[in-house]
Amino acid sequence: MKMKISRREILGAGTVAGCAAIGGALLKGANVAAASPSAAAVPWTWKKMDPAEIQERAYQSAWEKIGCMYGACESILGTLADRYGAPYNTFPVDATVYGSGGIGGIGSVCGTVNASGLLFNLFVKNQNDLFALCSEMSLWYEKASLPVYRPKKPKVDIEIVRSVAGSNLCHISSTKWANASGYKVLTNEHFERCNRLVADAAAEIVRMLNEYDAGNMAFKQKLNDFSQQCLSCHGPGNTTANVASGMTCNPCHENPH
Ligand code: HEC
Ligand code: HEC
């Protein structure tokens, strides 16, 4: 296998030249950084929009990269950029593709929940509000029966079964849906489900930002009774205080007591 060159060999052979090149790039980078203006500081001004109007774009963008986080971010920031230019068009939205499949396919936090945190962070005025909105969105995601959105131009034109994730984790959400629908994960049907869900989540993020910006955000979501009861002892400020989680507990825990 002559063609096979190991990573180690490449690194070994390239070390000296590589260091020089990286050193040069760093120096150059430092000069550029000193000369270029910094990005506009957050919070940016939120511009009200109709949640429904970005949904098809969210769905199509999500398909473009099989990127749930990307779809949500691209539809909202892209719409703002098209309408108002800077600073919205300065955000490198391609840098959100990593959120796909619960961060690079790992199956941890769903990219739509990840997207919501990033978007809230761009627009909300303080950290307390930011955390409250993140929690609201995560619980919405856990509890909602999704997907609801019906694409105007569906890539996979089938009825999509809805399911309740019960968790903000991609792994749990996807597996629950696979079991409810009978389709396997990482199929086109699964992606169709996820990308429709992106449209729902993007609309929810816009709805929340509209409400928040108008000063009438109503926080409605609560952890279920099971989880609240656990946190009454295990949560912060309580006797046991060893659990730092706002996720619903019961997908992973039964009551051990
Ligand atoms: C009345 C207070 C109280 C409530 C309510 C409570 N716990 Fe606990 N839990 C404790 C204490 C005290 C311990 C023992 C100390 C420790 O391991 O943290 C414990 C231990 C645990 C452990 C470790 C058990 C082990 O075998 O190592 C788990 C897991 C746990 N609780 C989960 C839960 C879950 C899930 C809920 C909600 C359904 C819950 N607890 C509700 C007080 C409580
Ligand atoms: C995604 C799965 C998951 C979720 C959601 C989750 N846990 Fe856990 N939890 C775990 C795992 C895994 C452990 C480690 C178990 C072990 O050490 O064997 C753990 C450990 C614990 C422990 C033992 C802590 C200790 O000091 O040993 C408690 C108590 C606990 N969880 C309570 C909760 C509560 C309350 C919630 C909800 C607010 C929650 N967990 C949500 C998976 C989860």
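Above this text you will find the structure in question.
Not measured: the values here are computed from a predicted model.

Draft legend 1. How the structure looks around the coordination of the iron atom of ligand 1. Summarising the metal site, the iron atom of ligand 1 is bound by the protein donors H234 (NE2) and H257 (NE2), whose distances to it range over 1.9 Å. If you look at the iron atom of ligand 1, its six donor atoms make angles of 85 to 179 degrees with each other, and the shape they trace is octahedral. One end of the pair, H234, is in helix 8 (residues 225-234); the other, H257, is in the segment after helix 8, with 23 residues separating them in the sequence.

Draft legend 2. Structural view of the site of ligand 1. Around ligand 1 sit 13 residues, and of these C230, C233, H234, N242 and H257 come closest. Here H234 contributes a side-chain N or O atom positioned 2.7 Å from a nitrogen atom of ligand 1. Between N242 and ligand 1, the recorded distance is 3.0 Å, taken from a side-chain N or O atom to an oxygen atom. Looking at the shell around ligand 1 residue by residue, the classes come out as four nonpolar, eight polar and one charged.

Draft legend 3. Spotlight on the site of ligand 2. Surrounding ligand 2, one finds L169, C230, L231, H234, N242, V243, S245, M247, T248, C249, C252 and H253. Taking N242, its side chain carries an N or O atom lying 3.0 Å from an oxygen atom of ligand 2. Here H253 contributes a side-chain N or O atom positioned 2.8 Å from a nitrogen atom of ligand 2. Looking at side-chain class alone, the shell around ligand 2 contains seven nonpolar, five polar and no charged residues.

Draft legend 4. Broad picture of a nonpolar patch on the surface. Taken together, Y98, I103 and I106 make up a surface patch of nonpolar side chains, about 290 Å² in accessible area. Inspection of the secondary structure assignment puts I103 in the loop between helix 3 (68-84) and helix 4 (111-123).

Draft legend 5. Summary view of the coordination of the iron atom of ligand 2. Coordination of the iron atom of ligand 2 by the protein involves just one donor, H253 (NE2), at a distance of 2.0 Å. With respect to the secondary-structure elements, H253 resides in the segment after helix 8.

Draft legend 6. Structural view of the environment of S145. Examined against the element boundaries, S145 turns out to sit in strand 1 (residues 145-146). For S145, a relative accessible area of 36% translates into the label partly exposed. Not counting residues up to four positions away in its chain, the partners in contact with S145 are R162, S163 and V164.

Draft legend 7. Seen up close, unusual backbone geometry. Geometrically, the link from V42 to P43 is a cis peptide bond, its omega value of 5 degrees lying close to zero. For P43, the location among the structural elements is in the loop between helix 1 (7-35) and helix 2 (55-65). The omega torsion of the bond from L146 to P147 falls at 0 degrees, within 30 degrees of zero and hence cis. A positive phi angle, close to 40 degrees, is found at I66, a residue other than glycine. On the secondary structure map, I66 appears in the loop between helix 2 and helix 3.

Scoring rules and cut-offs
- Sequence order as written defines the numbering, with residues in each chain counted from 1.
- A letter from A marks each chain and a number from 1 marks each ligand, given out in the order of writing.
- Whole-chain, interface and lining totals are the exception, using all residues; otherwise, since this is a predicted model, local features are given only for residues with pLDDT of at least 70 and side-chain atom pairs are given and counted only at 80 or more.
- Only heavy atoms go into the side-chain values, all of them from the structure, while hydrogens and water stay out.
- Sodium, potassium and calcium take a 3.2 Å donor cutoff, other metals 2.8 Å, and in both cases only N, O and S atoms count; water is not among them, so sites may look incomplete.
- Only two sets of limits are used to name each site, 85 to 135 degrees for every angle of a tetrahedral four-donor site, and over 155 degrees for opposite donors with all other angles from 65 to 115 for a square planar four-donor or octahedral six-donor site, with any other site named irregular.
- Secondary structure elements follow DSSP: runs of H or I no shorter than four residues count as helices, runs of E no shorter than two count as strands, and numbering proceeds from the N terminus.
- Proximity is defined per residue: any heavy atom of the residue falling within 4 Å of a molecule or strand makes that residue near it.
- Any N or O atom pair separated by 3.5 Å or less is treated as a polar contact, with the protein-specific requirement of one donor-capable and one acceptor-capable atom, and with residues adjacent in sequence counted only for side-chain atom pairs.
- Polar here means any residue other than Ala, Val, Leu, Ile, Met, Phe, Trp, Tyr, Cys and Pro, which are nonpolar, and Asp, Glu, Lys and Arg, which are charged; Gly is therefore polar.
- Each patch is built from residues lacking any salt bridge and having more than 30% relative accessible area; the joining distance is 9 Å for like charges and 5 Å for nonpolar side chains (Val, Leu, Ile, Met, Phe, Trp, Tyr).
- Note on areas: these come from Shrake-Rupley sampling with a 1.4 Å probe, and a residue is covered only by the protein chains present in the view.
- Note on definitions: salt bridges are taken to be side-chain nitrogens of Lys or Arg within 4 Å of carboxyl oxygens of Asp or Glu.
- Summary of the burial criterion: residues with accessible area below 20% of their type's maximum are buried, those above 50% are exposed, and those between are partly exposed, where the area comes from a 1.4 Å probe applied to protein chains only.
- Only heavy atoms matter for contacts: two residues are in contact if any of them lie within 4.5 Å across the pair.

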